[in-house]
Amino acid sequence: MMKKAEATRLSILQKAFGLIYVRGYQTTSIDDILATTNVTKGAFYYHFKNKDEMGVAIIRELLVPTFEATFIRPLQSDGDPVRIVYNMMEDILMANEFLKVEHGCPAANFTLEMAPWHVDFTKALNDLSTKWKNGIIQCIANGKKRGEIKEDVSEEEVAVFIMSGYWGIRNMGKLANSKSVYRAYLQQLKLYLETLK
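Heads up: these notes are all about the structure in this document.

One finds Met54, Ile58, Met89, Phe110, Trp132 and Tyr166 to be the most contacted residues of the largest nonpolar core, which totals 66 residues. Contributions of two or more residues to this core are made by helix 1 (4-23), helix 2 (30-37), helix 4 (51-72), helix 5 (81-95), helix 6 (106-114), helix 7 (119-145), helix 8 (155-176) and helix 9 (180-194). In terms of residue count, the dominant contributor to this core is helix 4 (11 residues). When residues no more than four places from it in sequence are discounted, the contact partners of Met54 are Ile12, Leu13, Ala16, Ile20, Ile33, Phe44 and Phe48.

Next up, the structure:
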């Protein structure tokens, strides 16, 4: 059973993430977070030295496990790598309940707001991104070994292309506040992935 202090810390992280995902990191204050958690300022500072330490903890403790389950584990399935990659992207964009079209991708939001100015955010976000990239690379490499992907395909280039498309379409979805742009992206992604065979 979770100890009270651990439960309080987790509650702070979860409530803070909820606010930050909707409002943005810079515009969410510690007072905003405290107002939703029913903890004192002293309790907040018992768990975190400052807001930035809490922000990095959100990435490492909340986003990493969620992203591993959603973005990485599906890539470790057996079968046709083109289908696996496409299904992962379709699920992330069209079916995932955690990632809201109007708020975009939380990792991308943190990257835009914090990565250029804060080394700890940059490292945590880079670790997250690298795990996803390596998952795509391994999936494509497995397909090459089985003769399902053309020999001259660069796994790294495929991964960079897929990831950059994802970050871009998330922002377009945010602007449009509609998944219709996701459908257009997925149609073109499917055509692209077929060229890898």
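A separate point is helix 2. When we look at burial in helix 2, the residues that qualify are Ile30, Ile33, Leu34 and Thr37. Angularly, the buried residues of helix 2 cover 100° about the axis, an arc narrow enough to put them on a single face. Check the buried side of helix 2 and you find it contacts helix 1, helix 3 (41-47) and helix 4.

Attention shifts here to helix 5. Helix length check: helix 5 (15 residues) gives 20 Å between terminal C-alpha atoms against 21 Å at 1.5 Å per residue, within 8%. Of the positions making up helix 5, those classed as buried are Pro81, Val82, Ile84, Val85, Tyr86, Met88, Met89, Ile92 and Leu93. As for helix 5, its buried residues are in contact with helix 4, helix 7, helix 8 and helix 9. Of the residues flanking the start of helix 5, the one acting as N-cap is Asp80, its side-chain oxygen 3.1 Å from the backbone nitrogen of Val82.

Another aspect to go through is the packing of aromatic side chains. This structure, assessed with the given rule, holds 15 aromatic pairs. Ring centres of Phe71 and Tyr166 lie 5.5 Å apart, and the angle between their planes is 85°; on these two criteria the pair is classed as edge-to-face. Here Tyr166 lies in helix 8 and Phe71 lies in helix 4, a separation of 95 residues in the sequence. Both residues of the pair, Phe71 and Tyr166, belong to the buried class. In this structure an aromatic cluster arises from ring pairing among Phe67, Phe71, Trp132, Tyr166 and Trp167. Against the face of Tyr25 rests Lys51, its NZ or CZ located 4.2 Å from the ring centre.

This part is about the side chain of Thr70. Within the secondary structure, Thr70 sits in helix 4. Thr70 gets classed as buried once you look at its relative accessible area, which sits at 15%. Separated by 2.8 Å, the side chain of Thr70 and the backbone oxygen of Thr66 make a polar contact. Look past the residues within four positions of Thr70 in its chain and what remains in contact with it is Met88, Ile92 and Asn96.

Cut-offs used in this document
- Residues numbered from 1 in each chain as written.
- Predicted model: local features only at pLDDT ≥ 70, side-chain atom pairs only at ≥ 80, totals over all residues.
- Heavy atoms only, no water.
- Core = buried A, V, L, I, M, F, W, Y, C linked by side-chain atoms within 4.5 Å.
- Buried < 20%, exposed > 50% of the residue type's maximum accessible area, 1.4 Å probe, protein only.
- Helix = DSSP H or I, 4+ residues; strand = E, 2+ residues; numbered from the N terminus.
- Contact = heavy atoms within 4.5 Å.
- Arc of directions from axis to C-beta.
- Expected span 1.5 Å × (residues − 1).
- Polar contact = N/O pair within 3.5 Å; in protein donor to acceptor, adjacent residues only side chain to side chain.
- Phe/Tyr/Trp six-rings, centres within 6.5 Å; stacked < 30°, edge-to-face > 60°.
- Lys NZ or Arg CZ within 6 Å of the ring centre and 35° of its normal.

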